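# Structural overview for review
So the chains spell out like this:
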Amino acid sequence: CSKISDARLKLILEKCGSRLKVLKLSNTNISGVNFQNISVELPYLVELQLMGCRRLTDTGIVAILNKLGKNLKILHLGSANISGENFDDIWWEYTSLEDLALHYCHELSIEGLTLILERFGSNLRSITIYAADITKDMFYEECAHFCPMLSNISI
């Protein structure tokens, strides 16, 4: 799967994406930048795994999330090159998201995490952000109030 590119992913999603519930694209070459050009909707998608997608940046993940809709419950972005600082470009709040993984996102800033949790935090029950240069104190001071349902924190 590591050779899957944006173009190949577009073909796959246009063929069977409308029925997908889980999409695991970890360690692929996707960047997500041209994702807005995909014509298929993914109304049943509840889990998206993009761990280790080193070409994935804020611009790419924002394009992907804007296209997917609001039904995600699980989003794993570990080891992606994201800061979170462009997440204010996401069109809506993801009120159904319960599990968010951002571990080893070394570019992730506390400002970016704040923007992410403003969009994703309302129903979040689990977050993983260890090895992302964000301390527990920083998290509790700046971000915890966005996540009233949070019960599992790995920092």
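Look a little higher up for the structure.
The paragraphs below set out a description of the structure included in this document. (Residues numbered from 1 in each chain as written. Predicted model: local features only at pLDDT ≥ 70, side-chain atom pairs only at ≥ 80, totals over all residues. Heavy atoms only, no water.)

## Section: the side chain of Ser 126
Its place among the elements puts Ser 126 in strand S5 (residues 126–128). A distance of 3.2 Å separates polar atoms of two side chains, one belonging to Ser 126 and the other to Asn 152. Discounting chain neighbours no more than four positions away, the residues touching Ser 126 are Glu 98, Asp 99, Leu 100, Leu 150 and Asn 152. (Helix = DSSP H or I, 4+ residues; strand = E, 2+ residues; numbered from the N terminus. Polar contact = N/O pair within 3.5 Å; in protein donor to acceptor, adjacent residues only side chain to side chain. Contact = heavy atoms within 4.5 Å.)

## Focus on the sheet that holds strand S4 (residues 99–101)
Taken in spatial order, the six strands of this open sheet run S1-S2-S3-S4-S5-S6, and their pairing is parallel. With one partner strand each, in any of the chains shown, strand S1 (22–24) and strand S6 (152–154) form the two edges of the open sheet. Averaged over all neighbouring strand pairs, the angle between strand axes comes to 5°, with direction disregarded. (Pairing = 2+ DSSP bridges. Axes fitted to C-alpha atoms, helices over the stretch in contact; angles between N-to-C directions.)

## Quick look at the environment of Arg 19
By the secondary structure assignment, Arg 19 is in the loop between helix H1 (6–16) and S1. Taking C-alpha positions, Arg 19 is 7.9 Å from Leu 45, a pair spaced 26 residues apart along the chain.

## Brief notes about the nonpolar core
In terms of nonpolar packing, the biggest core is built from 50 residues, with Leu 50, Phe 87, Leu 102 and Leu 113 touching the most fellow members. Those elements that place two or more of their residues in this core are H1, helix H2 (58–68) and helix H3 (110–120). Phe 87 has contacts with Asp 58, Ile 61, Val 62, Leu 65, Ile 82, Leu 115, Ile 116, Arg 119 and Phe 120, leaving out every residue within four places of it along the chain. (Core = buried A, V, L, I, M, F, W, Y, C linked by side-chain atoms within 4.5 Å. Buried < 20%, exposed > 50% of the residue type's maximum accessible area, 1.4 Å probe, protein only.)

## Let's talk about the packing of aromatic side chains
When we look at a pair of aromatic rings, we describe it by the centre distance and by the angle of the planes. Scanning the entire structure with this criterion turns up four aromatic pairs. Measuring from ring centre to ring centre gives 5.1 Å for Tyr 94 and Phe 120, while their planes differ by 45°; the resulting arrangement is tilted. You can see Tyr 94 sitting in the loop between strand S3 (74–76) and S4 and its partner Phe 120 sitting in helix H3, a full 26 residues away along the chain. Each member of the pair, Tyr 94 as well as Phe 120, carries the same accessibility label: buried. Ring geometry for Tyr 104 versus Tyr 130: centroids 5.6 Å apart, planes at 85°, classification edge-to-face. Taken together, the residues Tyr 104 in the loop between S4 and H3 and Tyr 130 in the loop between S5 and helix H4 (136–142) connect sequence positions 26 residues apart. Overall, Tyr 130 belongs to the partly exposed group, its relative accessible area being 36%. Taken together, Phe 87, Tyr 94 and Phe 120 form an aromatic cluster joined through their ring pairs. (Phe/Tyr/Trp six-rings, centres within 6.5 Å; stacked < 30°, edge-to-face > 60°.)

## Overview of the environment of Arg 8
Mapping Arg 8 onto the fold places it in helix H1. For Arg 8, a relative accessible area of 51% corresponds to the exposed category.

## Some details on the environment of Leu 115
Within the secondary structure layout, Leu 115 lies in helix H3. Between the alpha carbons of Leu 115 and Cys 143 there is a distance of 9.0 Å; along the sequence they are 28 residues apart.

## Considering H3
Side chains of residues three or four places apart in an α-helix project in the same direction, reflecting 3.6 residues per turn. Extensive coverage of H3 is indicated by the burial of nine of its eleven residues. Of the surrounding secondary structure, the elements contacted by the buried residues of H3 are H2, S3, S4, S5 and H4.

## Here's the deal with H2
With ten of its eleven residues buried, H2 lies for the most part within the structure. Buried residues of H2: Asp 58, Gly 60, Ile 61, Val 62, Ala 63, Ile 64, Leu 65, Asn 66, Lys 67 and Leu 68, and no others. At its buried positions, H2 is contacted by strand S2 (47–49), S3 and H3.

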